[in-house]
Amino acid sequence: MKLLVTGGAGYVGGVCASVLLERGHEVVVIDDLSTGNRDAVPAGATFVEGDVARLAGEVLDPTFDGVMHFAARSLVGESVARPGEYWQGNVTSSLAMLDAMRAAGVDNLVFSSTAATYGEPEQVPITEDMPARPTNTYGATKLAIDHAISSYAVAHGVAATSLRYFNVAGAYGSAGENREVETHLIPLVLQVALGHRDHIKVFGDDWPTPDGTCVRDYIHVADLADAHVLALESNRPGVHRILNLGSGEGFSVREVIDVCREVTGHPIPDVVAPRRPGDPAVLVASSEKAMRELGWRPSRPDLRTVVRDAWAFTSALGDRAHSAPR
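Presented here is an overview of the structure given in this document.

**A short note on the side chain of Asp217**
Checked against the element boundaries, Asp217 lands in strand S9 (residues 215–220). Put simply, Asp217 is tucked away with no salt bridge, and the nearest opposite charge, on Arg216, sits 10 Å away. In terms of polar contacts, Asp217 uses its side chain to reach the side chain of Ser247, at 2.7 Å. Among the polar contacts made by the side chain of Asp217, one reaches the main-chain amide nitrogen of Ala285 at a distance of 3.0 Å.

**Structural notes on the environment of Asn90**
Mapped onto the fold, Asn90 is located in helix H4 (residues 83–104). Ignoring anything within four residues of it in the chain, the contact list for Asn90 reads Ala72, Arg73, Glu85, Tyr138, Thr141 and Ile145. At 3.1 Å, the side chain of Asn90 forms a polar contact with the side chain of Thr141.

**Details of the nonpolar core**
Counting 35 residues, the largest nonpolar core has Val12, Val29, Met68, Tyr165, Val168 and Leu245 as its most contacted members. Within the residue set of this core, elements represented by two or more residues are strand S1 (2–6), helix H1 (11–22), strand S2 (26–31), strand S6 (159–165), helix H7 (221–234), strand S10 (240–245) and helix H9 (288–294). In this structure, Val29 is in contact with Val5, Gly8, Ala9, Ala17, Val41, Ala45, Thr46, Phe47 and Val48, ignoring residues within four places of it in sequence.

**Observations concerning the packing of H4 against helix H5 (residues 137–156)**
Orientation of H4 relative to H5, taken along the N-to-C sense of each, is 20 degrees, at an axis distance of 9 Å. In this view, H4 runs roughly parallel relative to H5, as classed from their interaxial angle. Crossing geometry of H4 relative to H5 is assigned as right-handed. Residues Pro83, Tyr86, Trp87, Asn90, Val91, Ser94, Leu95, Leu98, Asp99 and Arg102 of H4 pack against Thr137, Tyr138, Ala140, Thr141, Ala144, Ile145, Ala148, Ile149, Tyr152 and His156 of H5. Per-class residue counts for the contact of H4 with H5 are 13 nonpolar, five polar and two charged.

Rules used throughout
- Residues numbered from 1 in each chain as written.
- Predicted model: local features only at pLDDT ≥ 70, side-chain atom pairs only at ≥ 80, totals over all residues.
- Heavy atoms only, no water.
- Helix = DSSP H or I, 4+ residues; strand = E, 2+ residues; numbered from the N terminus.
- Buried < 20%, exposed > 50% of the residue type's maximum accessible area, 1.4 Å probe, protein only.
- Lys, Arg positive; Asp, Glu negative; His and termini not counted.
- Salt bridge = Lys/Arg side-chain N within 4 Å of Asp/Glu carboxyl O.
- Polar contact = N/O pair within 3.5 Å; in protein donor to acceptor, adjacent residues only side chain to side chain.
- Contact = heavy atoms within 4.5 Å.
- Core = buried A, V, L, I, M, F, W, Y, C linked by side-chain atoms within 4.5 Å.
- Axes fitted to C-alpha atoms, helices over the stretch in contact; angles between N-to-C directions.
- Parallel < 35°, antiparallel > 145°, perpendicular 65-115°, else oblique.
- Left-handed = near helix turned anticlockwise from the far one by under 90°.
- Nonpolar A, V, L, I, M, F, W, Y, C, P; charged D, E, K, R; others polar.

Now the structure itself:
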């Protein structure tokens, strides 16, 4: 298949593009590099630099078989402080993508959605039929895009799956988390282990959880990529599926830090900081529907495996950065 991957210079989009290429597909990547990394675009993919909203209509044509849409702004705190940028950057660009698909006659879509659409869940693990009540603008914009995709499926026969996933981590080959502005817990903790940070901030230790810190469900990026490919291959015209992806097990911030200490052999100091606006206390997924409909099973569900792979990538990256010419 010939596929467009938006946001393919990002962490998840880049890994998914790599997996698609490995499986013999032709891949075109659009990314404006505002948060992505040119090096994350895999060799073998055609790269088009620029804004998705502007370029999707120029790039897409009837020779394409489908789209994987990752391009988005995704910082929770920033979305609360600057909501306009998120409604414009996420929703408007996604509508432009949907219209470009329609104009080109491309009707197969996998959308990178998020567990942030659920907000503060009534119970865990979270299932797809639970109310979607996002507590931050990022989650609200992703939910709005999900609604738009449903409308396009009904009106125009788009075959689509939205994958709502939780905390993605780990590395795949030479691809891992390498952002200019890092906000994800595991790479931040590993930066402390490398000596690039003095400590890791724990945002609140008074949450209604066993140890007072937030609990999240971590999924390995390679397992996530497998699910995206399965979704693309099994989409049905006129049907928009919403599927959760996760390991099904929650780990607190303190548990993640402890596993990072164990894997790296470093002490990793932590400092408690105020809660961040819009953070839910617990997000843990039920992936039973995805397992049933996609035939998907996470092959790397253990947190230590996730951290070991992330540490191998991060430590190698740190060594390269240390030895690079100044």
